[in-house]
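An overview of the molecular structure
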Amino acid sequence: MAIQWFPGHMHLTRKAIAERIKDIDAVIELLDARLPGSSANPLLAELTGGRPSLKVLNKQDVADPALTAAWLAHYNGLPGTRAIGLDASVAAPARALIDACHALAPNRGGLAKPMRVLICGVPNVGKSTLINTLTGRKAAKTGDEAGITKAEQRITLADDFYLYDTPGMLWPRITVAQSGYFLAASGAVGRNAYDDEEVALELLAVLKRRYPALLEARFRLSGVAAMADEDLLAEVGRQRGALQGRGRVNLQKAAEIVMHEFRSATLGRITLETPEEFATWVVEADQREAERAAKKDARARERKGQRADVTPREPGPSS
């Protein structure tokens, strides 16, 4: 199943970013620390035209700390990029963001040259909650679903620091299949764009490989690592009472339970991907896309050749 979600307001956001970026000094991209590669928007790199970038790994308190450190090292190793971790326990998040942006654009600052920063992220990554924390008031709507913010707004973090908030945006074609599943599991994708059961199975496949002890403790199971994904989903449903007639497990309800546990972080501190894994997935996706494009071109040439081979019919004698 290919998960894709790019509704109309995201088209408008793309246009707004392309227009706003002309006046922007740095870009903050808020990432989900549990899926730092999958929640990084490849479209944003195209739109922002090489502006200095601050990658903020949000929700680091619910992510695997060792893998968060690996992702921060990865992003800090990229040119023109800084990365920091953030969560609700950070005492002065506004100061952390301001200092990091000034390090990226040291020539901006002061009333004569105020810092102008664009903040972006996939839906439901916690951007609105962060902005409310930064401003100390409810400046942005929040909710546990994708697509809450629908319009750009300007927020003043300091007299010489302006933050432009944009609605959450994905990209028109998600080519890394794993990213589609992880984004859906995190709540970044609209509910009608994916199948709960299929996403839950993909999520469980990662969790039983990387965090079997967390699954066993949370759902009171044993031998999780050796279970088939479908059997594991059924056992989760059985343990939580997601049953229907004749003792059968309601797999839809079981899938909802699995995703709720992940989103609410009650399973424990989890990260779904490493930098190395994600890099491999991108290479594989690029190869598939190249093969797909080559086949499409071949079919187009074949159709063109067939049309060229059709000899025009000569008119017959008039009667």
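Position numbers for residues start from 1 in each chain and track the written sequence from start to end. pLDDT decides what is reported in this predicted model: residues at 70 or higher carry local features, side-chain atom pairs at 80 or more are listed and counted, and totals for whole chains, interfaces and linings draw on all residues regardless. With hydrogens and water stripped out, all remaining heavy atoms of the structure feed into the side-chain values.

Quick look at the overall build of the protein
Working definition: helices are DSSP H or I runs of at least four residues, strands are E runs of at least two. Numbering for both runs from the N terminus. Across its full length, the protein holds eleven helices and six strands. Considering only C-alpha atoms, the protein reaches an extent of 95 × 70 × 35 Å along its principal axes. Note on classification: 1.4 Å probe, protein chains only; a residue is buried when its accessible area is under 20% of the maximum for its type, exposed when over 50%, partly exposed between these limits. Buried residues in the protein amount to 47% of all 319 residues. Throughout, a contact is declared for two residues whenever any of their heavy atoms are within 4.5 Å. Taking the intrachain contacts of the protein between residues at least 6 apart in sequence as the baseline, contacts between residues at least 24 apart amount to 69%. Here, Shrake-Rupley sampling with a 1.4 Å probe gives the accessible areas, and only protein chains in the shown set may cover a residue. Carbon and sulfur atoms provide 50% of the accessible area of the protein, an area that totals close to 16,100 Å².

So, helix H9 (residues 229-239)
Leu232, Leu233, Ala234, Val236 and Gly237 are the residues of H9 that are buried. Where H9 is buried, its residues meet helix H7 (196-210), helix H8 (212-219) and helix H10 (251-263). Where H9 terminates, the next one or two residues include glycine 241, which has phi positive at roughly 75 degrees.

Let's talk about the sheet that holds strand S2 (residues 53-58)
Here six strands make up an open sheet; going across it, the order is S3-S2-S1-S4-S6-S5 and the pairing mixed. In the strand order of this sheet, the two ends are held by strand S3 (81-86) and strand S5 (153-158), each with one partner. Within the sheet, the average angular offset between the axes of one strand and its neighbour, ignoring direction, is 25 degrees. At least two DSSP bridges between two strands are required for those strands to pair. Pairing of strand S1 (residues 26-32) with strand S4 (residues 115-121) involves five bridges; the strand directions are parallel. Looking at S4, one finds that alanine 26 is bridged to valine 117. Helix axes are fitted to C-alpha atoms over the stretch in contact, other axes to C-alpha atoms as well, and angles between N-to-C directions run from 0 to 180 degrees.

As for the nonpolar core
By size, the foremost hydrophobic cluster in this structure holds 97 residues, and its most contacted members are Ile28, Leu54, Leu163, Leu183, Val189 and Leu272. With seven residues, H7 is the single largest residue contributor to this core. Beyond its immediate chain neighbours, meaning those up to four positions away, leucine 163 contacts Ile28, Val117, Ile119, Leu134, Gln153, Arg154, Ile155 and Leu157. Put simply, a nonpolar core is a bunch of buried Ala, Val, Leu, Ile, Met, Phe, Trp, Tyr and Cys residues held in one set by side-chain atoms that sit within 4.5 Å of each other.

A word on the packing of aromatic side chains
Each aromatic ring pair is summarised here by two numbers: the centre-to-centre distance and the angle between the ring planes. Put simply, two rings from Phe, Tyr or Trp (the six-membered ring, in Trp's case) pair if the centres are within 6.5 Å, and we call them stacked under 30 degrees between planes, edge-to-face over 60, tilted for the rest. Under the counting rule described, the total for this entry stands at four aromatic pairs. A ring pair is formed by tryptophan 71 and phenylalanine 278, whose centres lie 6.3 Å apart and whose planes are at 65 degrees; its orientation type is edge-to-face. Of this pair, tryptophan 71 sits in helix H3 (residues 65-76) while phenylalanine 278 sits in helix H11 (residues 275-309), and the two are 207 residues apart along the sequence. Aromatic pair phenylalanine 182 and tryptophan 281: ring centres 5.9 Å apart, planes at 65 degrees, arrangement edge-to-face. One end of the pair, phenylalanine 182, is in helix H6 (residues 177-186); the other, tryptophan 281, is in helix H11, with 99 residues separating them in the sequence.

With respect to the packing of H6 against H10
For the pair H6 and H10, the least separation of the axes is 8 Å and the interaxial angle reads 80 degrees. By the angle between their axes, H6 is roughly perpendicular relative to H10. The segment H6 lies against H10, with Ala184, Ala185 and Ser186 engaging Met259, Phe262 and Arg263. Amino acids outside the nonpolar list (Ala, Val, Leu, Ile, Met, Phe, Trp, Tyr, Cys, Pro) and the charged list (Asp, Glu, Lys, Arg) are all regarded as polar, and Gly is one of them. Across the contact of H6 with H10, the residue classes break down as four nonpolar, one polar and one charged. Small angles under 35 degrees read as roughly parallel and large ones over 145 as roughly antiparallel, with 65 to 115 read as roughly perpendicular and the rest as oblique.

Digging into empty space enclosed by the protein
Here a cavity is any set of points on a 1 Å grid over the protein atoms alone where a 1.4 Å probe fits but cannot get out, and a pocket is any open set with protein on both sides within 12 Å along at least 5 of 7 lines; a residue lines the site when it has an atom within 4 Å of a point. Grid points are joined across faces, edges and corners, and a volume is the space filled by probe spheres set on the points. Under the counting rule described, the total for this entry stands at one cavity of 30 Å³ or more. In this structure, the largest cavity encloses a volume near 50 Å³. Ile17, Glu29, Asn41, Leu44, Cys120, Gly121, Thr166, Pro167 and Met169 together form the lining of the largest cavity. Along the lines of polarity and charge, the residues of the lining of the largest cavity split into five nonpolar, three polar and one charged.

Re unusual backbone geometry
One non-glycine residue with positive phi stands out, namely asparagine 124, at about 65 degrees. Looking at where asparagine 124 falls in the secondary structure, it is placed in the loop between S4 and helix H5 (127-135). Take asparagine 124: its relative accessible area is 18%, and that puts it in the buried class. A positive phi angle is found at alanine 265, which is not glycine, with a value near 65 degrees.

Functional significance is not addressed by these values, which are geometric in nature.
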